[in-house]
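Notes for the structure review
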Amino acid sequence: MEHPLDREEWLEKAMAQWEVPLLRTCYLLLRDAALAEDAVQVTFVKAWKAWDHYRGEASEKTWLMRIAVNCCRDIRRGRWFLHIDRKINMDDLPEPAIPFQMPDDTITRAILSLPDGLRKAVTLRYYQGFSVQETAELMGLSKRTIHYRLEKAHKALKSSLEDWYYENE
């Protein structure tokens with residue numbers, strides 16, 4: 001595909017436009033802010049290297065998101081990731097010098113508690129706004145499987161958030 005921008009101009013534009021959505025997705029997939037930042041950096045490096053091969057068959061967002069999902073998968077498969085305890089007990093952390101009012105993150109925590117496959121489907125479909133077809137392509141699954149995972153995630157979230165929802169009415 002003939003590109004209207006040179007590689008460096010494209011990278012600047014892509015980073016400005018897609019860095020935050022990619023970071024959010026990587027964070028939800030990896031559950032670690034530092035690893036999410038690493039995954040986004042690797043995503044842009046890989047995209048920059050493969051830029052000449054991008055044919056434009058998928059949208060730029062879909063192409064970058066696919067690279068990011070694969071980067072997250074690679075990070076999760078790594079030996080180092082398997083040996084890290086990702087559960088932090090908030091009571092073990094020191095008290096902050098200045099009190100911090102945390103926004104209600106109940107929904108985010110509920111999504112993070114979903115099994116990996118369900119969490120990915122919810123993240124790509126609802127956080128990033130991909131269609132079911134695009135989500136299926138990004139995850140390398142059928143549309144039917146994505147529908148099933150979204151339905152299963154919906155039931156799990158409805159059950160875990162039911163008390164929270166009625167508490168906030």
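Bear in mind the structure is a predicted one, so any value in this text is a computation, not a measurement.

**Thoughts on the overall build of the protein chain**
A count of helical and extended segments in the protein chain gives 8 helices and 0 strands. Here the protein chain holds 169 residues, and the buried ones make up 33% of them. By element, 54% of the accessible surface of the protein chain is carried by carbon and sulfur atoms, the whole surface being about 11500 Å².

**What about a nonpolar patch on the surface?**
A cluster of nonpolar side chains, contributed by Ile 107, Tyr 126 and Tyr 127, occupies part of the molecular surface with about 320 Å² of accessible area. Among the structural elements, Ile 107 can be located in helix α5 (residues 106-112).

**Thoughts on the pattern of salt bridges**
The full count for this structure, using the stated rule, is 5 salt bridges. Ionic pairing is found between Lys 46 and Asp 74, a salt bridge with its closest N-O pair at 3.8 Å. You can see Lys 46 sitting in helix α2 (residues 33-50) and its partner Asp 74 sitting in helix α3 (residues 60-77), a full 28 residues away along the chain. Asp 74 gets classed as partly exposed once you look at its relative accessible area, which sits at 42%. Across the pair Arg 76 and Asp 116 runs a salt bridge whose closest N-O atoms are separated by 4.0 Å. Here Arg 76, found in helix α3, pairs with Asp 116, found in helix α6 (residues 116-127); they are 40 residues apart in sequence, far enough to count as distant. Owing to a relative accessible area of 26%, Asp 116 belongs among the partly exposed residues under this scheme.

**Quick notes on helix α1 (residues 7-30)**
Counted at 1.5 Å a residue, the expected span for α1 with its 24 residues is 34 Å, but the 29 Å between its end C-alpha atoms falls short. At Trp 18, α1 shows its maximal kink, close to 55 degrees; a proline, Pro 21, follows between one and four residues later. The complete set of buried residues in α1 reads Arg 7, Trp 10, Ala 14, Trp 18, Pro 21, Leu 22, Thr 25, Cys 26, Leu 28, Leu 29 and Leu 30.

**Description of the environment of Thr 62**
If you trace the backbone, Thr 62 turns up in helix α3. You can call Thr 62 buried: its relative accessible area is 7%. For the pair Thr 62 and Glu 137, spaced 75 residues apart in sequence, the C-alpha separation works out to 9.0 Å. Apart from residues no more than four positions distant in its own chain, Thr 62 is found in contact with Phe 130, Glu 134 and Leu 138.

**Some remarks on the packing of aromatic side chains**
The tally for this structure, following the rule as stated, stands at 1 aromatic pair. Pairing Trp 10 with Trp 63 gives two aromatic rings, centres 6.0 Å apart and planes at 55 degrees, and the pair type is tilted. Pair noted here: Trp 10 is in helix α1 and Trp 63 is in helix α3, with a separation of 53 residues, a long-range link. Taken as a pair, Trp 10 and Trp 63 share a single burial class, namely buried.

**Thoughts on the nonpolar core**
Looking at soluble globular proteins, one finds that nonpolar side chains tend to be buried together. In terms of nonpolar packing, the biggest core is built from 40 residues, with Trp 10, Leu 22, Cys 26, Phe 44, Trp 63, Leu 64 and Leu 124 touching the most fellow members. Contributions of two or more residues to this core are made by α1, α2, α3, α5, α6, α7 (132-139) and α8 (143-167). Residue contributions to this core peak at 8 residues, all from α3.

**Things to note about unusual backbone geometry**
The backbone of Arg 31 shows a phi angle near 65 degrees, a positive value even though the residue is not glycine. Structurally, Arg 31 can be placed in the loop between α1 and α2. Judged by its relative accessible area of 37%, Arg 31 is partly exposed.

The rules behind each value
Residues numbered from 1 in each chain as written. Predicted model: local features only at pLDDT ≥ 70, side-chain atom pairs only at ≥ 80, totals over all residues. Heavy atoms only, no water. Helix = DSSP H or I, 4+ residues; strand = E, 2+ residues; numbered from the N terminus. Buried < 20%, exposed > 50% of the residue type's maximum accessible area, 1.4 Å probe, protein only. Areas by Shrake-Rupley, 256 points an atom, 1.4 Å probe, with all protein chains shown as cover. Patch = residues over 30% accessible without salt bridge, like charges linked within 9 Å, V, L, I, M, F, W, Y side chains within 5 Å. Salt bridge = Lys/Arg side-chain N within 4 Å of Asp/Glu carboxyl O. Expected span 1.5 Å × (residues − 1). Bend = angle between axes of the 7 residues up to and from the residue. Contact = heavy atoms within 4.5 Å. Phe/Tyr/Trp six-rings, centres within 6.5 Å; stacked < 30°, edge-to-face > 60°. Core = buried A, V, L, I, M, F, W, Y, C linked by side-chain atoms within 4.5 Å.

Geometric values such as these leave the question of function open.
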